[in-house]
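An overview of the molecular structure
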Amino acid sequence: MPTRPPAAMKSAPKRRSVSAAKSARVRALRPRAGRRETPPRPPAPPPQVLRLDVSVRADLLDPAGRDARAALAQVGLPHLESLGAVRLRRVYFLEGLLDLDAQARAIQALTDRVLDVAAFGPPAPPPSGTVEVSVMRRSGVSDPEAETARGLLRSLGLAVTQVKTARVYRVETPASIEALGGAARRALGNDVIEEVLAGAPATYHFPHPLPVQAARLEVPLRALGDEALVALSRQMGLSLSLVEMRAVEAHFQRLKREPTEIELETVAQTWSEHCKHKTLAGAVTMTEGGVTRAFKNLLKETVFAATQRLAKPWCWSVFQDNAGVIDFDGRDGVCMKVETHNHPSAIEPYGGAGTGIGGVIRDILGTGLGARPVANTDVFCFGPPDLPDSEVPKGAMHPLRLLKGVVAGVRDYGNRMGIPTVNGAIVFDARYVGNPVVYAGCVGLIPKRYVKKAARPGDLIVAFGGRTGRDGIHGATFSSVELSAQSETVSSGAVQIGDAITEKKVLDVLLQARDQGWFHAVTDCGAGGFSSAVGEMGAEVGAEVDLAAAPLKYPGLKAFEIWISEAQERMVAAVPRAKWKRFAALCASEGVEAFVLGRFTRNHRLVVRHGKTLLADLTMEFLHEGLPKVSREACYAAPALEEPTVLVKPSYDGDLAALLRMPQIGSKEWVVRQYDHEVQSGAVVRPFMGAQQGPSDAAVLAPTLGSRRGLVLANGINPAYGDIDPYAMAFLAVDEALRNAVAVGADPARIAILDNFTWGSCSRPETLGTLVKAAEGCRDAALLYGTPFISGKDSLNNEFRTEDGRLIVVPATLLISALGVIADVRKTTTLEAKRAGDAIVLVGLTKDELGGGHWYRLKGVLGANVPQVTKDAPRTLKAVSLAVRKGLVNAAHDLSEGGLAVAAAEMAFAGDLGLTLELGALPVEGTLDDPRLLFSESPTRFLLEVPPEKAAALGVLLLKARVPHAVIGTVTAEPRLRIRGRLGEHDVLSSSTADLRQAWRSALPLPTEVPS
Amino acid sequence: MSRSRKPRVLVLRAPGTNCERETAFAFASVGAEPVTQHVNALLAKPKTLDTVEGLVLPGGFSFGDDLGAGTVFGALLRTRLLPRIRRLVDRGGIVLGICNGFQVLVKTGLLPALDGTEEQSVALAANVSNRYEDRWVTLEATSDNAFFTRGDRLDCPVAHGEGRFLAQDAATLDLLDASGQLALRYVDPAGHLPARYPFNPNGSTRDVAGITDATGRVLGLMPHPERHQFPWQSPLFHAGLAPKAPDGLLPFKNAVRHLRRAFDLVGAKR
């Protein structure tokens, strides 16, 4: 039964001052409960709370304890030299009445008979020299495992009313309790969502909050001046500008009434940068070199315009639904969406990244009438992993800790959803300290007949999936402001914790209901929660909802919190009345909660009630069209940069090893192996290939069991190029994504791309200027390659303000994701060298283009000569694709970060073979010295391995296509990379592939070997 | 008289199961008739178990791996369906648990069921690395049972965080070894034991990747043979060295062959 607070009293105060409302909200954030059923009213005397301690048998390995010890050591716990063993206890607090027999049964249910020892009651105090550290989720933060435990115990007939879990570490250390607590807060828990307590044994008191009565709360607005309007926006956390507040005020002046709190929240959410993309979809006046050009809608005139001009018949649905859809095999379409979840990940990386993945999966579930997810992607940007602790600003987390948390979040959510995570990248730059970037992508298959959707008047608004709690209140508006030293304390309400299994159950029932034709439309509850989902679905018809119908995670939520909560794992469907019973029965049979939130109407209004109390009544027109159009100023001036002087050396072995050890180039194995990239049994080209597991250019999968039709997924991202020229960066990101896809065998004529812009605050004209340049670059690149954009997203305001007022702005970060469709997954190739005696052909021209590249970065310089894509690029991609699909090559690898030297090294060590190459044979433009030949990052280049019997055919193909190429060496049985200098006098590189591989594998300070 | 129908295999899913499609597909492709069902539906009509010849618990994260992998699903089966599953095995049927399914079978006590008692006696603990890991491994069958013949070798992926096999004590382990229940071992690429990390990906005792009950008709294994059912899935495919008959189909084929014989079924033409 849903929690149903009584209808509002008729005498409910009509007006309360906003500040009182605000402070009430702040107070209300404290006491939270984890109880699902109707609360006891009036509150009964608190029932018995028992503590159950479970730990791994003392004679068995405790890997979690061992890793906790390593984490404490990493943050420099005092008296580190005498840090002894750390053992983990899983602690359950059980509320209810359990006699001895019931306790024994609880132990049997919650523990492993072979692995664990367990006991009820206050635990024996730890021996002297051992300190106990307890980590427990804060009240109100979801604790899905506790819910599972409660469900299991109740199903066994045990009278347990509430459960809470905790992790308790017993640490042998002479360090003081304070010092251990401090270290534990950084190493073992996160203050934002968890309480970390050292010394005393943890106890827990279950809260029993009362339901809050819904009241209509009006916010006097009409009498306010500009300053007061701005203050109100800030006070309520609306993130609306003065112009927007004025538009709201004018609207209610016309209506001759004040807005209600819920109306303001609804407008703020709908108009947020996160939901409306005011900047990218807005008017911009751009000044560059004294010349001005104007855009009415930047997005429509750049990225979208390119897609329209290309007008590919295989694009089924672009830039209108949750995700773009293209033709897969005539019967099914394939859709893809990539989202950011930067700010939540900055303050709580595990929950932030997990819910980022969960959110983008729901985007795919909510595309058309629902697509079946078949792959996930993830791309992250962090500060340097070796950043000294002293340089981490207050309020920010160490990049390595962020990375670990983010990876764990993606792993636990993606793996549990049963969706393979197949492609990604990690970028490191000091400007991501404080504001990391977390991109999460999802790809789905959808039958053609399900691509279109529309809610009809009279349809029931059905919400299903997880319950509504206080999770992520104001996430939409929070993501639209900068982070600061205080973000982690003021924004904890914006943190969401994911529960993948709830979402998996939603996936299971959604696809069954879709195939039965039980709904006319579906969408996800993302940013803005019900407000956004209902407001969007009902935009063309109208909608009326009753918030009292929503099942709550715990009582005590105010109506506006129910309305805008971003609690995860919820979907909204438009279900015809006649189908509701069957829909509900299906949900019940799989343990999914579904309820009728309201109905779609035909009056083009959004009406929100709680029981009988009317809380909001807005026209859809004002909500969706009322946002005042603002023209923004942008300007751009190319930075004045110089090329460094390069001294030519006799040997570059050290440089190559150093490049391979750069975290951006080096192995991400520690990350990637934690993702299931095989589930659904579609993997063909995986993240690592070859006997010695080198890095693949792209993922290939066959998503339909038994069919050889395939998908290719790749990405391109390199913010450093943007520091020189954001326009060129866009071309280079598109080129990188496409050449990665082509290297495995994608057909460039059947690749669609996605854009994701992550920028700083575009209220600064120069920051918006780089965004305009990049958007124009995207448009021109798409037109050059004939590759349409099908979907995109932007995240602005990615900045971090330190305590002393310094602003760290992320570099202009453009991610291009490529989605290719291929007819036969067998006609693909991989990067690793496969057979001694094969020839190595370099395709593409090498130029003096090291600016923004990794070899310069190694030297600490940026340079000026940023690589430039030429008009020949599409021809090169087509020729290489054809060569791969015709089976003319044994291996193909693109040249990117670190240029020829890095690509050759990866090819060699992946295949456990050697390469012998000659720099003098390279097709070049001008005269280049050895380091430029080795490390130039000129785009659209490939290394192809060609068996002798196919060399002639490949040569003819490349000649006919007028693509510069040359045989530059051979594959050798001796596992050594040898590269002879330009003048042919000596080897400028001669390294064993074992050494190269070792360098590559040691790039991240994370273990790839198993700890002893 | 032989009956002309395919062996029926119930593919049982729970909330969080995620390998049911490919597992059912593998069974169908070797001549079985898979029926996929939610555990709630089976609990509502347990007799379904009497109409099938096989029960499969596919991989995934039943109940989110909360409280330890396989704990909740295991408790559900043990308290509600155990006698019926026992009966299926006793009449010659098979039970296969892959990855999470193996973890569930261990928790129910159906594996290894020493002395016919269903008291949990082995465990699948957190990997020594304490991380979920996805990688390909090589397995060798080290005893004969319904799913394998001694010496069978197969390549397929593992993908789990809790797969370190261990027994409650040394005596149990020796007993299992002696009775041939330690059915599958991780071997190094040359086929040798002991397999060190990463060939033994989780630190399992005696490199054990899968075990059977005493009858050999209940098998649990951590690796995923259903993820190697098409030739292009082999990591050797692009080098032109992939086996024509994908390794992963072996246990499915053998299971179907066993069921045809045991239940006197003549498979419908494929």
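Procedures and definitions
Residues numbered from 1 in each chain as written. Chains lettered and ligands numbered in written order. Predicted model: local features only at pLDDT ≥ 70, side-chain atom pairs only at ≥ 80, totals over all residues. Helix = DSSP H or I, 4+ residues; strand = E, 2+ residues; numbered from the N terminus. Buried ≥ 20, exposed ≤ 12 C-beta atoms within 10 Å, placed from the backbone. Contact = placed C-beta atoms within 7 Å. Core = buried A, V, L, I, M, F, W, Y, C linked by C-beta atoms within 7 Å. Pairing = 2+ DSSP bridges. Axes fitted to C-alpha atoms, helices over the stretch in contact; angles between N-to-C directions. Nonpolar A, V, L, I, M, F, W, Y, C, P; charged D, E, K, R; others polar. Parallel < 35°, antiparallel > 145°, perpendicular 65-115°, else oblique. Left-handed = near helix turned anticlockwise from the far one by under 90°. Expected span 1.5 Å × (residues − 1). pLDDT = per-residue confidence, 0-100.

With that out of the way, let us pick up the overall build of chain A. Summing up its helical and strand segments, chain A has 32 helices and 40 strands in all. When each of the 1012 residues of chain A is scored for burial, the buried share is 61%. Counting contacts in chain A only where the partners sit at least 6 residues apart, residues at least 24 apart contribute 83% of the total.

Looking now at the environment of Asn 127 of chain B. All names here are of chain B. Tracing the backbone through its elements, the reader meets Asn 127 in the loop between β5 (122-126) and β6 (133-141). Taking the C-alpha atoms as reference points, Asn 127 and Ser 204, 77 residues apart in sequence, are found 8.1 Å from one another. Contact partners of Asn 127, with chain neighbours within four places excluded, come to Glu 133, Gly 161, Glu 162, Gly 163, Arg 164, Asn 202 and Gly 203.

Residue and element names in this part refer to chain A. Ranked by internal contacts, the top residues of the largest apolar core, which has 397 residues, are Val 462, Ala 741 and Ala 904. No other element matches the 14 residues that helix α25 (residues 726-744) contributes to this core. In contact with Ala 741, not counting residues within four places along its chain, are Ala 698, Val 712, Ala 714, Ala 746, Ile 751, Ala 818 and Gly 820. By size, the runner-up hydrophobic cluster in this structure holds six residues, among which are Val 141, Ile 193, Ala 346 and Ile 497.

Residue and element names in this part refer to chain A. Spatially, the seven strands line up as an open sheet ordered β17-β19-β15-β20-β18-β21-β22, and their pairing is mixed. Each edge of the open sheet carries a strand with a single partner, namely β17 (521-524) and β22 (613-619). The sheet shows a mean angle of 20° between the axes of neighbouring strands, direction not considered. Across four bridges, the pairing between β17 and strand β19 (residues 570-575) is antiparallel. Following the sheet pairing, Asp 524 is matched in β19 by Met 571. Against the sheet, helix α8 (residues 261-270) touches β21 (605-610) and β22, its axis set at about 40° to β22.

This part covers the interface of chain A and chain B. Buried accessible area, meaning the area lost when the parts come together, often serves as the stated size of an interface. Listed by partner, the interface residues are 46 residues for chain A and 46 residues for chain B. Sorting the residues of the side of chain A that touches chain B by element identifies α2 (63-74), α3 (100-110), α4 (144-155), α14 (399-417), α17 (500-516) and β24 (683-685) of chain A as the ones contributing at least two each. Among the elements that take part in the side of chain A that touches chain B, α4 of chain A stands out by supplying five residues, more than any other. Each residue belonging to the side of chain A that touches chain B can be placed in one class, and the counts come to 20 nonpolar, twelve polar and 14 charged.

Attention now moves to the environment of Ile 361 of chain A. Tracing the backbone through its elements, the reader meets Ile 361 of chain A in helix α13 (residues 349-365). Not counting chain neighbours up to four residues away, the residues in contact with Ile 361 of chain A comprise Pro 373, Met 417, Ile 419, Cys 442 and Glu 503 of chain A.

Here the focus is the pairing of strand β5 (residues 160-172) of chain A. Residues and elements named next belong to chain A. Taken across its 13 residues, β5 has twelve buried, putting it largely inside the fold. Alignment of strand β4 (residues 130-137) against β5, held across seven bridges, turns out to be antiparallel. Bridge pairing links Ser 134 to Val 168 in β5.

This brings us to the packing of helix α28 (residues 873-885) of chain A against helix α31 (residues 948-960) of chain A. All names here are of chain A. For the pair α28 and α31, interaxial distance at closest approach is 9 Å and the crossing angle is 155°. Relative to α31, α28 is oriented roughly antiparallel. Our pair here, α28 against α31, has a crossing hand that is right-handed. On the side of α28, the interface is formed by Ala 879, Leu 882 and Ala 883, while α31 contributes Leu 954, Leu 957 and Leu 958. Its residues assigned to classes, the contact of α28 with α31 comprises six nonpolar, no polar and no charged.

What follows is about the pairing of strand β2 (residues 33-38) of chain B. Bridge count for strand β1 (residues 8-13) of chain B against β2 of chain B is six bridges, and the pairing is parallel. When the bridges of β2 of chain B are listed, Val 11 of chain B appears paired with Thr 36 of chain B.

Attention now goes to unusual backbone geometry. Negative phi is the rule for most residues except glycine; trans is the rule for most peptide bonds. Cis rather than trans, the peptide bond between Leu 111 of chain B and Pro 112 of chain B has omega equal to -5°. Mapped onto the secondary structure, Pro 112 of chain B falls in the loop between α5 (100-108) and β5. The peptide bond linking Tyr 197 of chain B to Pro 198 of chain B adopts the cis configuration, its omega dihedral lying at 5°. Position of Pro 198 of chain B among the secondary structure elements: in the loop between β9 (184-187) and β10 (208-212). Phi is positive for Asn 797 of chain A, close to 60°, though the residue is something other than glycine. Tracing the sequence through the fold places Asn 797 of chain A in the loop between β30 (789-795) and β31 (799-801). Backbone geometry at Cys 99 of chain B places phi at a positive 55°, although glycine is not the residue there. Of note, Cys 99 of chain B is situated in the loop between β4 (94-98) and α5. According to the C-beta neighbour criterion, Cys 99 of chain B is buried, with 31 such atoms within 10 Å.

What follows is about α13 of chain A. The end-to-end C-alpha distance of α13 of chain A is 24 Å, a good match for the 24 Å that 17 residues give at a rise of 1.5 Å each. Of all 17 residues in α13 of chain A, 17 are buried; the element is thus mostly enclosed.

Here we come to the confidence of the model for chain A. Low pLDDT means the predicted coordinates in that region are not meant to be read closely. Summing up the model confidence of chain A, the mean pLDDT is 91 and the portion of residues at 70 or higher is 93%. The low-confidence segment residues 1-40 of chain A (pLDDT under 50) makes 75 contacts with residues lying over four places distant or belonging to another chain.

Residue and element names in this part refer to chain A. Taken together, three strands build an open sheet; the order of strands is β8-β7-β23 and the sheet is mixed. Looking at strand neighbours, the two that pair on one side only are β8 (291-295) and β23 (631-636), the edges of this open sheet. The mean inter-strand angle of the sheet, taken between neighbouring strand axes irrespective of direction, is 20°. With five bridges joining them, strand β7 (residues 283-288) and β8 adopt antiparallel strand pairing. Looking across to β8, one finds that Thr 285 is bridged to Ala 294. Lying over the sheet, helix α26 (residues 765-785) contacts β7 and β23, oriented at roughly 80° with respect to β23.

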